[in-house]
Amino acid sequence: MSDPKAMSLRFPDPDQRAVIAAAAKEAGMSMQEYILSAAYERATAVERRYLEAFRESMARSGEAFDAEPGASDPSPALRAAEQQAKAGLDQQKQGRAA
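Here is a short report on the structure shown in this document.

Definitions and cut-offs
All chains use their own residue numbering, which begins from 1 and follows the written sequence. In keeping with the model being predicted, local features are shown solely for residues with a pLDDT of at least 70 and side-chain atom pairs are shown and tallied solely at 80 or more, while totals for entire chains, interfaces and linings include all residues. Heavy atoms throughout the structure, all of them, feed into the side-chain values; hydrogens and water do not. Labels follow the DSSP assignment, with helices taken as runs of H or I lasting at least four residues and strands as runs of E lasting at least two, numbered in each case from the N terminus. Each residue's exposure class comes from its accessible area (1.4 Å probe, protein chains only) as a fraction of the maximum for that residue type: buried when under 20%, exposed when over 50%, partly exposed otherwise. In this description, accessible areas are obtained by the Shrake-Rupley approach with a 1.4 Å probe, and a residue is regarded as covered only by the protein chains that are shown. Expected span of a helix, by definition, is 1.5 Å for each gap between consecutive residues, and there is one gap fewer than residues. Between N or O atoms, a polar contact is any pair within 3.5 Å; within protein, one atom must be a potential hydrogen donor and the other a potential acceptor, and residues adjacent in sequence are included only when both atoms are from side chains. Here, a salt bridge means any side-chain nitrogen of Lys or Arg that lies within 4 Å of a carboxyl oxygen of Asp or Glu.

So, about the overall build of the chain. Across its full length, the chain carries three helices and zero strands. In sequence order, the secondary structure elements of the chain are arranged as α-α-α. Buried positions account for 4% of the 98 residues belonging to the chain. If you sum the accessible surface of the chain, you get close to 8,700 Å²; carbon and sulfur atoms cover 57% of it.

Structural data, given as C-alpha cells:
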C-alpha cells in the first residue's frame, strides 16, 4: 500500500528526472521537498510581483485623485455641512452618555 501523503513523482523525460534528482541531492533534500520548495518559491515570487504592481497602481491612482479633485474632494460648502452634521451627531451622543 502506498503512503497517502506521498507525492507522485513520475517524469516522462528520464533526463529531466535525473537533473531534478541531482539538484535535490546537492541541496540535501528529497525530490519531493525540492520540488515543493521550488513551487513555493515560484508562488511567493509571483505574489511579491503582484503586490508590488498593486502598490504601484495605488500610488498612481492616488496621484490622479490628488491632481484632479472631483467627487472625492467635496466643495467647501458641502465639507462645512458635513462637519456641522457630524458635530450635531457628536453632541447627541454626548447628551445620551451624560
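Across its 14 residues, helix α1 (residues 14-27) extends 20 Å between first and last C-alpha, which sits within 8% of the 20 Å expected from 1.5 Å per residue. Between the side-chain oxygen at the start of α1 and the backbone nitrogen of D15 there is a gap of 3.0 Å, and the oxygen is on D13. Following α1 by one or two positions, G28 adopts a phi angle in the positive range, close to 75°.

Taken as a whole and assessed by the stated rule, the structure comprises two salt bridges. R49 serves as the salt-bridge partner of E52, at 3.1 Å between the closest nitrogen and oxygen. You can see E52 and its partner R49 sitting in helix α2 (residues 31-67), three residues apart, about one turn around the helix. Of the residues examined, R49 reaches a relative accessible area of 46% and is grouped as partly exposed. The closest approach of N and O atoms between D90 and K86, which form a salt bridge, is 3.1 Å. Highlighted residues: D90 and K86, both in helix α3 (residues 76-97), separated by four residues, approximately one helical turn.

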